[in-house]
Amino acid sequence: MFEELRDVERRYEELTYRMTVPGSANDSAAYGQLMRDYRELTPVVEAYRTYCALIREIEEEQELLHDPSADPAFTDMVQQELCENRKKLEAAEENLRLLLLPRDSSDEKSIIMEIRAGAGGEEAALFAHSLHRMYAMYAAHKGWRCDVISLNETELGGGKEIVFSIEGPGAYSRLKFESGVHRVQRVPETETQGRIHTSTVTVAVMPEAEEVELELDPKDLRIDTFRSSGAGGQHINKTSSAIRVTHLPTGMVVECQDQRSQRENKDRALKVLRSRLLQQKQEAYDREYNAKRQGQVGTGDRSEKIRTYNFPQDRVTDHRIGLTLRNLQSVLDGDLDRVIEPLIVADREEKLKQHQEGIEQ
């Protein structure tokens, strides 16, 4: 492990130097990759340096304890510090093992999220809108940018389909666990007899794909323009600014009409298409592996019921890890770390377990 860490530190120092070389920022794509690599290695190197500093402190304290001329009171103080540092060293080593686990290469990326109303008609569409609000508020808490790309609204203000981006470092690492079926149990506003209804909403989370990761052949695309529809002020319905992109080899269709110009809508539609195609490739690659990990957090199976929001009992339950939380409204108001943090811990523990089993085999 330590030889690997020394290699990581050398790589980190090399990146630090290359980023300071005059003209290094001239190639924005190459410099962006340098920055991403630097950010990815920073927590590992910082943890390794903390670990090394603790090793040095412990060695110095052990030398002091072997000094026969040392004052007894001073020796007691050193012994106490040595015990504390040994505990810190154990925690630091565990932290390093976690940091050295294979990471998802997409963790630091921004994301495209798609929320679609499932079973439940208008009630499902209303809850899809609530989930979009929840993610938008969570993004605001994190200092991330959230922009709607496409919105298919219902008459009551729900969303049959909502496609939006969340831009910010580490967005995918925290929100990737949201992929799946979200179930809501409540008395709908449209219900006159007070009966509890169960509805479902499907959430898909995709890391934002860059052009260098997936190049689109113009021959594979059909791009149509049409007039925007729905609420939007005077601009709506006066110009054909909305864009529909069809990927001919797969039949995948993406529409975008929320921006004011054709160019902006086209750029956003292509961004969504590129992310969908990259996700499709990744899912095909991972399918066999994920089949062996059916119970694990983060497999991203969109057909799996992952969470229930029970309004009558003021309860949120994540079925993957058996987590139950009260104060449902705080979660819907963006306090999503209460759910995400336990999911991250469970995912790390599973990876550590698999890593240890691999070593033993």
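Residues numbered from 1 in each chain as written. Predicted model: local features only at pLDDT ≥ 70, side-chain atom pairs only at ≥ 80, totals over all residues. Heavy atoms only, no water.

A. Looking closely at the pattern of salt bridges. One pass over the structure, following the stated rule, counts 25 salt bridges. Among the salt bridges present, the one from Arg186 reaches Glu123, with a minimum N-O distance of 2.5 Å. Residue Arg186 is found in strand 4 (residues 180–186), and its partner Glu123 is found in helix 4 (residues 122–142); the two are separated by 63 residues along the sequence. When its relative accessible area of 14% is taken as the criterion, Arg186 is described as buried. Residue Glu123 is classed as buried on the basis of its relative accessible area, which comes to 5%. (Salt bridge = Lys/Arg side-chain N within 4 Å of Asp/Glu carboxyl O. Helix = DSSP H or I, 4+ residues; strand = E, 2+ residues; numbered from the N terminus. Buried < 20%, exposed > 50% of the residue type's maximum accessible area, 1.4 Å probe, protein only.)

B. Spotlight on the pairing of strand 10 (residues 315–318). Here strand 9 (residues 305–310) pairs with strand 10 via 4 bridges, running antiparallel. Paired with Asn310 across the strands is Arg315, a residue of strand 10. Bridge count for strand 10 against strand 11 (residues 323–326) is 4 bridges, and the pairing is antiparallel. Within the sheet, the bridge partner assigned to Val316 lies in strand 11 and is Leu325. (Pairing = 2+ DSSP bridges.)

C. Representation of the nonpolar core in the model. Core analysis: the largest hydrophobic core is formed by 34 residues, its most contacted members being Met113, Ile115, Leu131, Tyr135, Ile166, Leu175 and Leu336. Among the secondary structure elements, those contributing two or more residues to this core are strand 1 (111–117), helix 4, strand 3 (159–167), helix 5 (171–175), strand 5 (197–207), strand 11, helix 7 (328–332) and helix 8 (337–360). With 7 residues, the single largest contributor to this core is helix 4. Among all residues touching Leu131, those that are not within four sequence positions of it are Ile115, His182, Val201, Val203 and Tyr309. Formed by 18 residues, the second largest nonpolar core is a distinct cluster that contains Leu34, Val44, Tyr48 and Leu89. (Core = buried A, V, L, I, M, F, W, Y, C linked by side-chain atoms within 4.5 Å. Contact = heavy atoms within 4.5 Å.)

D. Here's a closer look at the environment of Arg348. By the secondary structure assignment, Arg348 is in helix 8. Residue class for Arg348 comes out partly exposed when judged on its relative accessible area of 45%. Among all residues touching Arg348, those that are not within four sequence positions of it are Leu98 and Leu101.

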